[in-house]
Amino acid sequence: MATHKELKLLPTAGDSFADIITHNKYYVDKTLFLKDIIYSGIPVIVRPHGFGKTLFMSMMASFFGQNQNDPNDLSLHEKIFKNTAIFKDKEFVERYMGKFPVIYISFKDVTGKTYKDAIENFAKVIATVASKFSYILDSDKLSESEKRRFQHLANYQDTSGEYDDLLSDAIAILTNNISEYYSKPTILLLDDYDVPFVNASVNGFIDKMQFFMDLFLGRLEPLPKNTNNALSPMEKIVLTSSLFIRTDYYKLSPNTLLDTHHFKTIAGFTKKETKELLDYYNLGEYIDLVKTSYGGYACGDEELFNSLSVIKFVSDNYMHKANHEESKIKAHNYLIKDKSTNELKDYLKIALNSNIDTLQDLVGGKSIEKELYPFVTEDEISKKYSCDPFPFLVHKGCLCTQNNDSNYLYSVKIPNEEVLEYIECTCNDLFVQDPVNESISSKLIKCLFKDDSNTAQGLLYKLLQHYLFTRKSSKKTDKKEVYKTFLSQVFSMCSSSIKNYDVVSEEKNTQADFIFTDEQTKKAIIIDVNEGNEKDAKFILERAKKELSTKDYPSLFKSDLTINDIYAYSIIFLDRVCLIVSRKVNFKQKLIKQN
């Protein structure tokens, strides 16, 4: 353990490897994986958001990249890597450290509502990369034709016609010209290469983007072996993504959470690494809390943690520990406000609409069996609304695998509390924000004010088929509260159509669970909630009818003489089925009789 004054700074999202080391920030050493990477084919590191893929790519760029001003000067490399594990391998360091021009391309900003917008952002990314090497244009090693194409790539003006063709050939232009300038092969790093695909899928132009990306990535052909007669323009190609998209146009080797070989801990924190981090900041006693909140991702026999969430947990809490404020130490949810998780909403929406029972089982703590592959196909990306959403949710980190009973059959579950809460909150938001559900809810209210219980029952049934009951509420001994929460969300979508809305708590010991009136305060709705199972439905129904006929509902409105009619309902929930019985009371006639 370190004292408070000795503690290193914590890295933040967006820090480069060089920033972390230069500013003496805490770093979980993954440098030994450089050897695995360099001796593999064309690896794709496939991990969910927050596992440190981009930081690993930044570390690679720092290690392999040569000093542009003086390729023989390795002083900065030695300063940065001298305390890392890879630096002890003198032979590897001598052969590879600072020896190559590195082309680093990040696709995280290649987004847009239209194909034109996305391609324009793609062009900006490529132009920025090309501009960093614009000094090669002063060299006699490049032909005038090569210089024109390279300069056009670096100074784009539009993304149509000739330039669009030039852009799809960017990998060849960059690697060939830069390799020719240095008389040595390049290292090409493509970070978040799946973003253009996913963004296009969300916004409805996946076919156009697939065609373009196939042309662009088609340049990632198997690398020829270097001989005395030929020089490959690329020494090594490495890609990262949260989805590995299989295509027949280029041959890549994915490393996903489904793999069990030595690449498995290349991204994400192991339990050992997490414990060491917590111990360093005097938070070691909270390892079980951190495991429950941010761990649970199985990769072979290793358990992985979301490294970004773990670091944020430490950042939020280590001063509480130092100040002896242990009661303030909390495991917050960092996924809910993370905009990079927005794409997950599409897959959760598909699950809500077509696989609600399976999703409900997962939220309830159960495991499901799924056939999983380390890739998704372009066809699955383009037709995602008709595909099984759960493999996508596994690759995106919303679900994790427990074991592999056969070649591709896995047991799948929700990995931790952070993801569980994210799924619950997101699904609840999707439910109330869905215009179809809003329309059904509006019709439901109108039916209740018309004493049309049969139609209301059918509408409520439709809503139940797309509602996710949270695990927290499902554990309550009183299931009635679960269904009251559901109705509260339904009525929240109709707030403009009702007045005097009140959710009655059990402590008030009244005769109803919900009370509200119409906008003119002439009609009142009273709802009593009941629940049970289908085998007891007849008994529950008869009991509900009896209670409706005996309860003195007008007494709830003695002070409100504008009410003409009261519609009392008993809604009986039998899992995702419901029954409704009703009773209409003429309020003014009732008052006259009482007087």
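Position labels on residues start from 1 in each chain and follow its written sequence. Local features in this predicted model are restricted to residues of pLDDT 70 or higher, and side-chain atom pairs are both shown and tallied only at a pLDDT of 80 or more, whereas totals for entire chains, interfaces and linings draw on every residue. Hydrogen atoms and water are omitted, and side-chain values are computed over all heavy atoms in the structure.

A. Structural view of the overall build of the protein. Numbering of helices and strands runs from the N terminus; a helix is a DSSP stretch of H or I covering at least four residues, while a strand is a stretch of E covering at least two. When you go through the protein residue by residue, the secondary structure sums to 25 helices and 18 strands. Under the scheme applied here, a residue whose accessible area is under 20% of the maximum for its type counts as buried, over 50% as exposed, and between as partly exposed, the area being computed with a 1.4 Å probe on protein chains only. With 595 residues in all, the protein has 52% of them scored as buried. Across the protein, every contact between residues at least 6 apart in sequence was considered, and the portion connecting residues at least 24 apart equals 70%. Using a 1.4 Å probe, the Shrake-Rupley method yields the accessible areas, and only the shown protein chains count as cover for residues. Entry remark: accessible area of the protein is about 28000 Å², with carbon and sulfur atoms responsible for 48%. The contact rule is simple, with two residues in contact once any of their heavy atoms fall within 4.5 Å.

B. The arrangement of the sheet that holds strand β17 (residues 565-574) in detail. In spatial order, the strands read β14-β15-β16-β17-β18; together these five strands make up an open sheet with mixed pairing. Looking at which strands have only one partner, the edges of the open sheet turn out to be β14 (499-503) and β18 (577-586). Taking each pair of neighbouring strands and ignoring which way they run, the sheet shows an average axis angle of 15°. Lines fitted to C-alpha atoms define the axes here, with helix axes fitted over just the stretch in contact, and angles between the N-to-C directions of these axes take values from 0 to 180 degrees. Running at roughly 145° to β18, helix α21 (residues 453-464) makes contact with β17 and β18 of the sheet. Should DSSP find at least two bridges between two strands, the strands are regarded as paired.

C. Inspection of the packing of aromatic side chains at higher detail. Aromatic pairs are defined between Phe, Tyr and Trp rings, using the six-membered ring for Trp, whenever the two ring centres lie within 6.5 Å; interplanar angles under 30 degrees are classed as stacked, those over 60 as edge-to-face, and all others as tilted. Counted according to the given criterion, the structure contains 45 aromatic pairs. For the pair Tyr181 and Tyr182, a centre-to-centre distance of 4.8 Å together with 90° between the ring planes defines the contact as edge-to-face. Taking the relative accessible area as the measure of exposure, Tyr182 reaches 14% and is therefore buried. Note on Tyr280 and Tyr281: the rings are 4.8 Å apart at their centroids and 75° apart in plane angle, and the pair reads as edge-to-face. One Lys or Arg, Lys141, reaches over the ring of Tyr181 and ends 5.9 Å from the middle of that ring. Put simply, a charge is over a ring when the Lys NZ or the Arg CZ is close to the ring centre, within 6 Å, and near the line of the ring normal, within 35 degrees.

D. Focus on the nonpolar core. Working definition of a nonpolar core: buried Ala, Val, Leu, Ile, Met, Phe, Trp, Tyr and Cys residues. They are joined through side-chain atoms within 4.5 Å. Judged by nonpolar contacts, the single largest core of 122 residues is most densely connected at Phe63, Phe64, Ile105, Tyr193, Phe216 and Ile423. The element best represented in this core is helix α6 (residues 115-132), accounting for nine residues. Not counting chain neighbours up to four residues away, the residues in contact with Phe63 comprise Leu34, His77, Phe81, Ile86, Phe92, Val93, Tyr96, Met97 and Gly98. Counting residues in each nonpolar core, the second largest holds 34 residues, with Phe449, Leu460, Val529 and Phe573 among its members.

E. Representation of unusual backbone geometry in the model. Not every positive phi belongs to a glycine, and His324 is a case in point at roughly 60°. Positionally, His324 belongs in the loop between α14 (307-322) and α15 (344-354).

F. Representation of the environment of Phe269. Along the chain, the position of Phe269 falls in strand β7 (residues 269-270). In the structure, Phe269 is positioned 26 residues away from Gly295 in sequence and 8.8 Å away in space, judged by C-alpha atoms. Non-local contacts of Phe269, meaning those with residues more than four positions away in its chain, are made with Val28, Thr274, Leu277, Glu303, Leu304, Phe305, Ser307, Val310 and Ile311.

G. Seen up close, the side chain of Thr401. Tracing the backbone shows Thr401 in strand β12 (residues 400-404). Beyond its immediate sequence surroundings of up to four residues, Thr401 is in contact with Leu258, Ala298, Leu372, Val394, Tyr410, Ser411 and Val412.

H. Structural context of the pattern of salt bridges. When a carboxyl oxygen of Asp or Glu lies within 4 Å of a side-chain nitrogen of Lys or Arg, that pair is called a salt bridge. For the structure on display, the rule yields 22 salt bridges. In this structure, the salt-bridge partner of Arg576 is Asp357, at a minimum N-O distance of 3.5 Å. In this pair, Arg576 sits in the loop between β17 and β18 while Asp357 sits in helix α16 (residues 356-363), placing the two residues 219 residues apart along the sequence. You can call Arg576 buried: its relative accessible area is 8%. One salt bridge connects Asp361 with Lys366, and the closest N-O pair in it is separated by 3.8 Å. Residue class for Lys366 comes out exposed when judged on its relative accessible area of 51%.

I. Region of interest: a positive patch on the surface. A contiguous patch of positive charge, built from Lys443, Lys446, Lys450 and Lys462, is present on the exposed surface. Within the secondary structure, Lys462 is located in helix α21. Classification of Lys462 as partly exposed rests on a relative accessible area of 48%. Each patch is built from salt-bridge-free residues with over 30% relative accessible area, joining like charges within 9 Å and nonpolar side chains (Val, Leu, Ile, Met, Phe, Trp, Tyr) within 5 Å. Counting rule applied: Lys, Arg positive; Asp, Glu negative; His and chain ends not counted. Where a charge lies is defined by one atom per residue type, namely NZ (Lys), CZ (Arg), CG (Asp) and CD (Glu).

J. Summary view of the environment of Ile368. Tracing the backbone shows Ile368 in strand β10 (residues 368-371). For the pair Ile368 and Gln402, spaced 34 residues apart in sequence, the C-alpha separation works out to 10.0 Å. Ignoring any residue separated from it by four or fewer positions in sequence, one finds Ile368 in contact with Thr358, Leu362, Phe390, Tyr410, Ser411 and Val412.

K. Here's a closer look at the pairing of strand β1 (residues 43-46). Burial along β1 is two-sided: the residues Pro43 and Ile45 and Val44 and Val46 are all buried. As paired elements, β1 and strand β6 (residues 253-255) share three bridges and run parallel to each other. If you follow Val44 over to β6, its bridge partner there is Pro254. Bridging between β1 and strand β4 (residues 234-241) involves three bridges; their strand directions are parallel. Paired with Val44 across the bridge in β4 is Leu239.

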